[in-house]
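Coordinates in review
Below are the chains, spelled out letter by letter.
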Amino acid sequence: MPNPYDRIPDLGHEHSGSGYNPLLDHSEVRAEPSDAENPVYEPEYRFSYTDEHFNYYPSGPSQSQTKLDDPFTAPKAEDYPQQTRYEHLDYAEPFAMPPAKSSPFLTKTPNVFQRYFGMYPLAQRIEDKKRGIGVQTYPIACWALSLAMLGVLIFELVTNSKAQGSPFSFKPVVNPMLGPSSSALIHLGARFPPCMKNVTDFPITTPIPCLNDTANPATLLCSLEDICGFGGFHGETPNQWFRFITPIFLHAGLIHFLLNMSAQLTASAQVEREMGTISFLILYAAAGIFGNVLGGNFSLVGSPSVGASGAIFGTIAVAWVDLFAHWRYQYRPGRKLAFMVVELIIGIAIGFIPYVDNFAHLGGLAMGLLVGMALYPIISPSKRHRMIVITLRVLAVPLAVVMFVVLIRNFYRADPYAACSWCRYLSCIPSNANNHCKGYVLVPISRAGLSSLRRSRRGRFSGPVCIVYLI
């Protein structure tokens with residue numbers, strides 16, 4: 001069988017004379033260049049490179065960088081950024097403080113003077129109001145007044161204990177407030193009009209049970225001058241005007257003290273923080289004194305009245321001023337208003353309890369509104385609001401002075417019952433026990449009581465043969 005390769009011509013011999021050269025002449029094939037001479041491996045032809053920070057290197061990684069074929073090693077824990085847990089985060093206030101353009105007070109905390117007169121940025125004042133930050137931090141006056149009243153209450157109970165053998169009065173009249181007798185309260189400075197002026201329904205010759213009397217009917221009687229104390233009247237018209245002030249520090253008993261202090265150390269203390277101690281003391285004194293002035297005009301003639309309720313109601317009135325003046329900055333103002341109305345109703349209801357006077361509550365509330373309007377620091381975000389506040393402040397001061405002058409003059413020169421015969425019922429529920437809101441009950445005097453009274457007055461007593469039991 002013929003070999004097929006034998007038919008392939010010998011091209012090298014057939015075209016040897018024609019000068020034809022083959023396409024690939026093995027004899028002239030050059031040796032392949034080495035890696036060092038091959039231009040593909042030159043630096044300008046290397047692959048581009050992007051590192052872990054997304055930096056682009058068109059010529060590939062440098063010799064100083066880690067080689068790509070190094071074995072993988074897990075990074076250490078410290079190489080990762082530390083994760084922050086939510087409990088380690090700093091507290092951030094929800095309202096950012098916008099920087100003021102020309103305020104010198106942003107770099108430091110405003111002092112008491114700057115807070116009271118609003119001499120720091122409006123935005124910061126609004127933020128302080130929302131957070132309940134006032135002029136000062138501690139209610140110094142409330143703490144001092146409460147301690148002083150506690151000391152006075154202890155003195156009251158000691159006085160009654162020395163006179164009757166018990167700190168609480170149960171005879172001849174029970175004190176529902178767990179405190180001293182009415183005679184002891186008058187002797188210590190309670191507001192009692194017969195000790196302050198001539199009262200037609202309660203003449204100076206009217207006998208009253210002594211501090212140490214526990215019998216019913218009374219066997220130990222004293223004159224009005226002896227019970228009023230403080231040196232007596234010296235044969236002149238009773239004029240113990242200081243009884244407008246001293247009842248603020250007295251209380252009818254332990255229950256009365258606890259009720260007042262619970263309000264004074266909470267509501268009144270917050271008012272002092274917001275308006276400062278000096279303004280608070282002016283408010284407290286004005287409301288307490290005016291409450292006693294109004295009570296002296298229209299309250300029961302024969303019933304002593306004590307307590308700081310009028311002054312406390314004056315501080316509560318400031319809370320009403322704050323609510324309506326800063327309505328937009330209050331948290332749930334409608335709900336707060338409803339609670340304040342309920343508190344006011346409860347306070348007025350307490351005023352019908354013996355030895356507690358509703359007129360002191362209402363008078364303190366009225367004066368607290370005026371003094372609070374004049375002295376309470378109010379934020380005015382607009383010129384219109386500022387003008388309204390200034391106008392009310394200007395009107396409040398003379399109105400408060402006029403009310404004081406008119407009612408004090410009326411107390412000493414006129415008969416309040418003639419001007420308002422029904423006003424007494426705002427602080428009294430008519431019954432036989434209080435002689436239909438006259439505040440006392442006439443009871444015949446026993447012979448022993450009349451004899452003791454005449455001995456105490458050296459036979460000069462010629463008054464009615466009745467004693468007065470104070471209600």
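Residues numbered from 1 in each chain as written. Predicted model: local features only at pLDDT ≥ 70, side-chain atom pairs only at ≥ 80, totals over all residues. Heavy atoms only, no water.

**Structural notes on the overall build of the protein chain**
- Each helix and strand counted, the protein chain has 14 helices and 6 strands in total.
- A total of 471 residues make up the protein chain; the buried ones form 40% of that total.
- Counting contacts in the protein chain only where the partners sit at least 6 residues apart, residues at least 24 apart contribute 70% of the total.
- Split by element, the accessible area of the protein chain, about 28200 Å² in all, is 62% carbon and sulfur. (Helix = DSSP H or I, 4+ residues; strand = E, 2+ residues; numbered from the N terminus. Buried < 20%, exposed > 50% of the residue type's maximum accessible area, 1.4 Å probe, protein only. Contact = heavy atoms within 4.5 Å. Areas by Shrake-Rupley, 256 points an atom, 1.4 Å probe, with all protein chains shown as cover.)

**Observations regarding the packing of aromatic side chains**
- Applying the stated criterion across every chain, the model contains 11 aromatic pairs.
- Aromatic pair Phe-192 and Phe-202: ring centres 5.5 Å apart, planes at 85 degrees, arrangement edge-to-face. Of this pair, Phe-192 sits in the loop between α5 (182-188) and β3 (208-209) while Phe-202 sits in the loop between α5 and β3, and the two are 10 residues apart along the sequence.
- In this structure Phe-192 comes out as buried when scored by relative accessible area, which is 0%.
- A relative accessible area of 2% places Phe-202 in the buried class.
- Every member of this aromatic cluster is reached through a ring pair, and the members are Phe-230, Trp-241 and Phe-242.
- The cationic tip of Lys-197 hangs over the ring face of Phe-411; the distance from NZ or CZ to the ring centre is 4.3 Å. (Phe/Tyr/Trp six-rings, centres within 6.5 Å; stacked < 30°, edge-to-face > 60°. Lys NZ or Arg CZ within 6 Å of the ring centre and 35° of its normal.)

**Side note on helix α3 (residues 122-131)**
- By the burial criterion, the buried members of α3 are Gln-124, Arg-125, Ile-126, Glu-127, Asp-128 and Lys-129.
- Downstream of α3 by one or two residues, Gly-132 has phi in the positive range, about 75 degrees.

**Comments concerning unusual backbone geometry**
- One non-glycine residue, Phe-230, adopts positive backbone phi at about 55 degrees.
- Mapped onto the secondary structure, Phe-230 falls in the loop between α6 (224-228) and α7 (254-275).
- With relative accessibility at 47%, the residue Phe-230 sits in the partly exposed group.
- Phi is positive for Arg-332, close to 50 degrees, though the residue is something other than glycine.
- Position of Arg-332 relative to the elements: it lies in the loop between α9 (309-325) and α10 (333-350).

**Notes on the environment of Phe-280**
- Position of Phe-280 relative to the elements: it lies in helix α8 (residues 277-298).
- On a C-alpha basis, the gap between Phe-280 and Ala-269 in space is 9.4 Å, while along the polypeptide they are 11 residues apart.

**Remarks on the packing of helix α4 (residues 140-164) against α7**
- The geometry of α4 relative to α7 is characterised by a closest axis approach of 9 Å and an angle of 170 degrees between their N-to-C directions. As far as their axial angle goes, α7 and α4 are roughly antiparallel. Facing α4, whose interface residues are Ile-140, Ala-141, Cys-142, Trp-143, Leu-145, Ser-146, Met-149, Leu-150 and Leu-153, α7 presents Leu-254, Phe-257, Met-261, Gln-264, Leu-265, Ser-268, Ala-269 and Glu-272.
- A class-by-class count of the residues in the contact of α4 with α7 yields 13 nonpolar, 3 polar and 1 charged. (Axes fitted to C-alpha atoms, helices over the stretch in contact; angles between N-to-C directions. Parallel < 35°, antiparallel > 145°, perpendicular 65-115°, else oblique. Nonpolar A, V, L, I, M, F, W, Y, C, P; charged D, E, K, R; others polar.)

**Re the packing of α7 against α8**
- Where α7 meets α8, the axes come as close as 7 Å, and the angle between the chain directions of the two elements is 130 degrees. Here α8 runs oblique to α7, going by the angle between their axes. Every pair of crossing elements has a handedness; the one defined by α7 and α8 is right-handed. Along its contact with α7, which presents Gln-264, Ser-268, Val-271, Glu-272 and Met-275, the element α8 presents Thr-277, Ser-279, Phe-280, Leu-283 and Tyr-284.
- Across the contact of α7 with α8, the residue classes break down as 5 nonpolar, 4 polar and 1 charged. (Left-handed = near helix turned anticlockwise from the far one by under 90°.)

**Some points on the side chain of Asn-358**
- Topologically, Asn-358 is positioned in helix α11 (residues 358-375).
- Not counting the four nearest positions on each side in its chain, Asn-358 is found in contact with Gly-347, Ile-348, Gly-351, Phe-352, Leu-426 and Ser-427.

**Quick look at the environment of Asn-216**
- Inspection of the secondary structure assignment puts Asn-216 in the loop between β3 and β4 (221-222).
- The class of Asn-216 is exposed, set by a relative accessible area of 58%.

**Notes on the pattern of salt bridges**
- Going through the model one piece at a time under the given rule, you end up with 1 salt bridge.
- For Asp-357, the salt bridge is made with Arg-191, and the minimal N-O distance between the two is 2.9 Å. Linking Asp-357 in the loop between α10 and α11 with Arg-191 in the loop between α5 and β3, this pair joins segments that are 166 residues apart in sequence. Here the two residues Asp-357 and Arg-191 agree in accessibility, since each one is buried. (Salt bridge = Lys/Arg side-chain N within 4 Å of Asp/Glu carboxyl O.)

**Some points on the environment of Pro-247**
- When you line up the elements, Pro-247 lands in the loop between α6 and α7.
- Taking C-alpha positions, Pro-247 is 5.9 Å from Arg-191, a pair spaced 56 residues apart along the chain.
- Contact partners of Pro-247, with chain neighbours within four places excluded, come to Gly-189, Ala-190, Arg-191, Phe-242, Asn-292, Ser-305, Val-306, Gly-307 and Ala-308.

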